[in-house]
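Here's the letter readout for the chains.
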Amino acid sequence: MKKTMIAIALLASMLMLASCDTPGNSPAASAPDSAAEQTTETAESTDTAETTTESAAETVTELTAAETESETESTTTEMRGAPDLDLTSIAGVWYIDGDPTAASIRISADGTFKSYYASGNLENEGTIRREGEEVEGTTNYWYNLYDKNGEYIMGFLDTGSTTDLYVGNGATPHFRKFGEGGLADDGRGPGEEFVGKWNCDRAYLTITQISDTEFHALVKWGSSASSHVEWDYPLTYQGGKLVCSGKASKTYVEYASADAEPDKTVEYTDGSGEFVMQGADVVWNDLTEHSGDDMVFRIVTEE
């Protein structure tokens, strides 16, 4: 600000000098001999004053710009996208303090996320950006979450940990990863969170593990007291999901009597589907007929 005031004072002084040096205003100057001479002198005077004014104005502009640039450099914190974005290291399901009954976030390797309330209902979804915050020559990277409208929700400081995420500088809330290395090292491997018996209204889901990457799911949906439909899925664990591509079967099962063998009608054997975690629950995506739309399965507690 002081530089700006000095520049303005300099401009005023230059303008005063220009006015004093104008021919015809000095007491020692002789009167022009003709109107032509007067016109020429006036034009020259005008050119001199304009040149002086322009020079002074440029000086003020340069000083002001330099001062503004200096102030901007000292106060600006730069946020920019980091190169080689890869979210594989933090892909998975994260619960507050590692508690599977608490609120959670599901992070996908492709940079998308979904957050859920403790009830299992969807809270938000959007994308994650790994962005750098540069302050005084040091760059800290953050995983920043934005909703579908591009509005910032919250950010996790990238500490290099693959089992713990801390929100903001206050480090609360704290999210712990579910599965391998997570939940206080409970020993669970990838996909084991799906294993168990689940229920949604009249439908029951049983998921078992065959090998490290192979699983099996059976959905039974009662249509009456003597009949139900079965969906049989051979599954593989891929990117946080259990996926079946073109090998699922659908069978209609009907009992003529309690003592008789049921009649089974196979409707297809080339179906596809997938199962994903939604908080502490499982969502069934029937990719062939969309029979599982809006169905959320909750764990069946053994009594």
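Each remark here, short or long, concerns the structure printed above.
Here we summarise the structure given alongside this text. (Residues numbered from 1 in each chain as written. Predicted model: local features only at pLDDT ≥ 70, side-chain atom pairs only at ≥ 80, totals over all residues. Heavy atoms only, no water.)

With respect to the helices and strands, the residue Asp 286 is situated in strand β16 (residues 281-286). It turns out Asp 286 is buried and unbridged, and the closest side chain with the opposite charge, Lys 250, is 6.5 Å from it. Here Thr 288 takes part through its backbone nitrogen, which lies 3.0 Å from a polar atom of the side chain of Asp 286. Those residues within four positions of Asp 286 in sequence are excluded, and the remaining contacts are Trp 231, Tyr 233, Tyr 268, Ser 272, Ser 291 and Gly 292. (Helix = DSSP H or I, 4+ residues; strand = E, 2+ residues; numbered from the N terminus. Buried < 20%, exposed > 50% of the residue type's maximum accessible area, 1.4 Å probe, protein only. Lys, Arg positive; Asp, Glu negative; His and termini not counted. Salt bridge = Lys/Arg side-chain N within 4 Å of Asp/Glu carboxyl O. Polar contact = N/O pair within 3.5 Å; in protein donor to acceptor, adjacent residues only side chain to side chain. Contact = heavy atoms within 4.5 Å.)

So, about the sheet that holds strand β17 (residues 296-299). Strand order around the closed barrel formed by 8 strands is β10-β11-β12-β13-β14-β15-β16-β17, with antiparallel pairing between neighbours. For this sheet, the mean angle separating the axes of adjacent strands, direction not counted, is 30°. The pairing of strand β11 (residues 203-209) with strand β12 (residues 214-224) spans 7 bridges and is classified as antiparallel. Residue Thr 208 lies in a different strand from β12, and its bridge partner there is His 216. (Pairing = 2+ DSSP bridges. Axes fitted to C-alpha atoms, helices over the stretch in contact; angles between N-to-C directions.)

Take the pattern of salt bridges next. Inspection of the entire model under this criterion finds 9 salt bridges. A salt bridge links Lys 241 to Glu 274, with the shortest nitrogen-to-oxygen separation between them at 3.7 Å. Residue Lys 241 is found in strand β14 (residues 241-254), and its partner Glu 274 is found in strand β15 (residues 263-278); the two are separated by 33 residues along the sequence. Given the relative accessible area of 15%, Glu 274 is considered buried. Across the salt bridge formed by Arg 298 and Asp 281, the nearest N and O atoms sit 2.9 Å from each other. Within this pair, whereas Arg 298 is found in strand β17, its partner Asp 281 is found in strand β16, the two being separated by 17 residues in sequence. The partly exposed category is assigned to Arg 298, whose relative accessible area is 42%. A single network of salt bridges, built from pairs that share partners, joins Lys 250, Glu 267 and Glu 289.

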